[in-house]
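Okay, here's what each chain looks like letter by letter:
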Amino acid sequence: MNDIIIAGGGVAAFECACAARKQNPDVKITIYSGEEVLPYRRPALSALAASDGEIPGTFFIKSKEFYDDDSIDVKCSVRVEKINPAAHTVELSDGQVVSYGKLIIATGSAARRIPVPGADGENCFVLRDYRDLMLIRRRVKAGRCAVIGGGLLGLELADSLLKRGCSVTIIEGADRLLPRNLDVVGSGIIKNKISKCGNLELLVGKKVREITQSSVVLDDGTVPCDTVFFSTGVTPVYPECDGLAVDCGIVVDQNMKSSIEDIYAAGDCAQFGQCVCGLYTTASAMGKIAGVCAAGGAAEYVADTPAARLNALGVKLFSAGVFDDSLAGESAQNGENYRRIFLKKDGSLAGAILIGDVSEAVKLLKQLNS
Ligand SMILES: Cc1cc2nc3c(=O)[nH]c(=O)nc-3n(C[C@H](O)[C@H](O)[C@H](O)COP(=O)(O)OP(=O)(O)OC[C@H]3O[C@@H](n4cnc5c(N)ncnc54)[C@H](O)[C@@H]3O)c2cc1C
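Rules used in this analysis
- Residues numbered from 1 in each chain as written.
- Predicted model: local features only at pLDDT ≥ 70, side-chain atom pairs only at ≥ 80, totals over all residues.
- Helix = DSSP H or I, 4+ residues; strand = E, 2+ residues; numbered from the N terminus.
- Rg over C-alpha atoms; globule rule 2.2 N^0.38 Å.
- Pairing = 2+ DSSP bridges.
- Axes fitted to C-alpha atoms, helices over the stretch in contact; angles between N-to-C directions.
- Left-handed = near helix turned anticlockwise from the far one by under 90°.
- Contact = placed C-beta atoms within 7 Å.
- Nonpolar A, V, L, I, M, F, W, Y, C, P; charged D, E, K, R; others polar.
- Near = placed C-beta within 6 Å.
- Domains from an automatic or database assignment.
- Core = buried A, V, L, I, M, F, W, Y, C linked by C-beta atoms within 7 Å.
- Buried ≥ 20, exposed ≤ 12 C-beta atoms within 10 Å, placed from the backbone.
- Expected span 1.5 Å × (residues − 1).

A.B. asks: So, the overall build of the protein: which residues are in play, and what are the values?
C.D. replies: What the protein contains, in helices and strands, is eight helices and 26 strands. Against the compact-globule benchmark of 21 Å for 370 residues, the protein has a radius of gyration of 22 Å, which places it among compact chains. With respect to the principal axes defined by its C-alpha atoms, the protein has extents near 60 × 55 × 40 Å.

Quick look at the structure:
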């Protein structure tokens, strides 16, 4: 029994299926996806939240015909709830129990809400999947919004809410913006730039205590708002499975094999080394490896340097690698353009920050990965 079952409906699941099909033209491949629609480009959700316009075809990674032509069976709105490794079966949300030869878990992650009273209220939203997008489009019209979390996705979301005609307050707990993606100077430049946006208020170093129907209550004040968005990180999700080694995510080796024979994992739900990456290109790369290996081929995953990118609220930003003030390097600021390079002792590139003019991003990322 060689059937490959893939749990999940994102880019990792898609790449798993395509790679497995290429590796083995005959194996039966079934994707069980919790989503009601075919796999799509999740990063596009932010921009699509800006209006109620038509969803473009390019949002979806491939059309229905593609899967039909490649004999990849995609079952939408069916979740894998439980894995029984000893029996090589999965229990599905529609009540079926299905056997697998190889199973790939590509179930991604879920948006996290900070645990404060009111966080599950009807006025609270996240933007993680298609359903969230549709809910936002239906329910969020012009009004006062608070975005809790001033990370890359929080800033993108704030941009889209402004475009929807809302006024927005971004509430960030850290004492500066994007501390994991920028040095102190870079954070300051971004803060100045964003502070100039109309209808936008930026609060940093604020702790949220409670959410009510009409406000976000802080330690030292209150933000009046009709709607609250959490952009406070993600948590890997996966079906119940006895014996599966999990740390921050499902622990995998360089072949994307989990701790259990015939079970692989890829994408946001998988932990390679110390890292659960949370990036689209990484999920895609992991998916390809899992697909090849599950279908009997040989391939090894090599982790790239993760890069941060932002093009929202008038800010263009690229950063990647290590930002350690003790490292040598060079830095230049010209108006709203900022460029800082961090060098290792041997002179090779350790990290880079570009704000404004990001034209060097591809070149620098190549150097970081060489
Ligand atoms: C709004 C937004 C913007 C983003 N922007 C960027 C960006 O600019 N750049 C970047 O690199 N990354 C970005 N990301 C992150 C990126 O989208 C993810 O890293 C990537 O989608 C992970 O792919 P994945 O396939 O591992 O998981 P997901 O894309 O999370 O897909 C997992 C799928 O599995 C389904 N699922 C979950 N549990 C089950 C189950 N038990 N059974 C069946 N199906 C299940 C889910 O419904 C989901 O469809 C963004 C994410 C969001 C939400």
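Now that the structure has been shown, we can carry on.
A.B. asks: Help me get a handle on the sheet that holds strand 14 (residues 215-218), residues and values and all.
C.D. replies: Strand order in this open sheet of three strands is 13-14-15, and the pairing throughout is antiparallel. Either end of the sheet is taken by a strand with one partner, and the two such strands are strand 13 (208-211) and strand 15 (221-224). On average, each strand axis in the sheet is inclined to that of its neighbour by 25 degrees, with strand direction left out of account. Where strand 13 meets strand 14, three bridges bridge the pair, whose relative direction is antiparallel.

A.B. asks: Now, about the packing of helix 1 (residues 11-23) against helix 7 (residues 280-294): what can you tell me, with residues and values included?
C.D. replies: Running from N to C, helix 1 and helix 7 cross one another at 35 degrees; their axes reach a closest spacing of 7 Å. Judged by the sense of rotation from one axis to the other, the crossing of helix 1 with helix 7 is right-handed. Note on element contacts: helix 7 touches helix 1 through Tyr280, Ala283, Ser284, Met286, Gly287, Lys288, Ala290, Gly291, Val292 and Ala294, opposite Val11, Ala12, Ala13, Phe14, Glu15, Cys16, Ala17, Cys18, Ala19, Ala20 and Gln23. Along the lines of polarity and charge, the residues of the contact of helix 1 with helix 7 split into 15 nonpolar, four polar and two charged.

A.B. asks: So what's going on with the site of the ligand? Which residues, and what values?
C.D. replies: Residues in close proximity to the ligand total 34 residues, the closest being Gly10, Arg42, Pro43, Gly108 and Gly267. Those elements that provide at least two residues to the shell around the ligand are helix 1, strand 2 (29-33), helix 2 (45-48) and helix 7. Residue composition of the shell around the ligand, grouped by class: 16 nonpolar, 12 polar and six charged. Each of domain 1 (4-110 + 234-294) and domain 2 (124-230) accounts for three or more of the residues forming the shell around the ligand.

A.B. asks: I'd like a rundown of the sheet that holds strand 3 (residues 72-76), residues and numbers included.
C.D. replies: Read from one edge to the other, the open sheet built from five strands follows the order 3-2-1-7-20, with strand pairing classed as parallel. The sheet is open, and its two edges are formed by strand 3 and strand 20 (263-265), each paired on a single side. Going across the sheet, the axis of each strand differs from the next one's by a mean of 20 degrees, ignoring polarity. Pairing analysis gives four bridges linking strand 1 (residues 4-7) to strand 7 (residues 102-105), with the strands arranged parallel.

A.B. asks: Run through the nonpolar core, naming residues and quoting values.
C.D. replies: Among the nonpolar cores identified, the biggest contains 56 residues, and Ala146, Val147, Ile148, Ile190, Val216 and Phe229 are the most heavily contacted of them. Sequence-distant contacts of Phe229, defined by excluding residues within four places in its chain, comprise Phe125, Val126, Leu127, Cys145, Val147, Ile148 and Leu157. With 52 residues, the next largest nonpolar core counts Cys16, Ile263, Ala266 and Ala294 among its residues.

A.B. asks: For the domain arrangement of the protein, give the residues involved together with the corresponding values.
C.D. replies: Domain annotation of the protein identifies domain 1 (4-110 + 234-294), domain 2 (124-230) and domain 3 (314-369). Taken over C-alpha atoms, the centre of domain 1 sits 34 Å from the centre of domain 3.

A.B. asks: Before we move on, could you go through the pairing of strand 16 (residues 227-230) and cite the residues and values that matter?
C.D. replies: Burial along strand 16 is two-sided: the residues Thr227 and Phe229 and Val228 and Phe230 are all buried. Of the strand pairs in this sheet, strand 9 (residues 124-125) and strand 16 are connected by two bridges, and their pairing is parallel. Each residue of the ladder has a partner; that of Phe125, found in strand 16, is Phe229. Bridge count between strand 10 (residues 144-148) and strand 16: four bridges; the pairing is parallel. Paired with Val147 across the bridge in strand 16 is Phe229.

A.B. asks: If you had to explain helix 6 (residues 184-195) to someone new, which residues and values would you point to?
C.D. replies: Here helix 6 contains 12 residues, and its C-alpha end-to-end distance of 16 Å stays within 8% of the 16 Å for a straight helix at 1.5 Å per residue. Against strand 12 (200-204), strand 23 (315-321), strand 25 (337-343) and strand 26 (349-355) lie the buried residues of helix 6.

A.B. asks: So what about helix 1? Which residues, and what values?
C.D. replies: Over its 13 residues, helix 1 runs 18 Å from end to end, which matches the ideal 18 Å to within 8%, given 1.5 Å per residue. All of the buried residues in helix 1 are Val11, Ala12, Ala13, Phe14, Glu15, Cys16, Ala17, Cys18, Ala19 and Ala20. Tucked inside the fold, the buried residues of helix 1 contact strand 1, strand 2, strand 3, strand 7 and helix 7.

A.B. asks: Please give an account of unusual backbone geometry that cites residues and values.
C.D. replies: Its identity is not glycine, yet Ser71 carries a phi of approximately 50 degrees, on the positive side. If you trace the backbone, Ser71 turns up in the loop between helix 3 (64-69) and strand 3.

A.B. asks: Any details on the pairing of strand 14? Residues and values, ideally.
C.D. replies: Looking along a regular strand, one sees side chains alternate from face to face of the sheet. Adjacent in sequence and paired antiparallel, strand 13 and strand 14 are bridged by three residues. Note that strand 14 and strand 15 share four bridges and pair antiparallel. Of the residues in strand 15, the one forming a bridge with Val217 is Thr222. The hairpin formed by strand 14 and strand 15 contains two residues between the paired strands.

A.B. asks: Which residues make up the environment of Arg176, and what values do they have?
C.D. replies: Looking at the secondary structure, you find Arg176 in the loop between strand 11 (167-172) and helix 6. Exposure remark for Arg176: the 17 C-beta atoms within 10 Å place this residue in the partly exposed category. When the C-alpha positions of Arg176 and Ser319 are compared, they lie 16 Å apart, and in sequence the two are 143 residues distant. When sequence neighbours within four positions are dropped, the list of residues in contact with Arg176 reads Val184, Ser187 and Val204.

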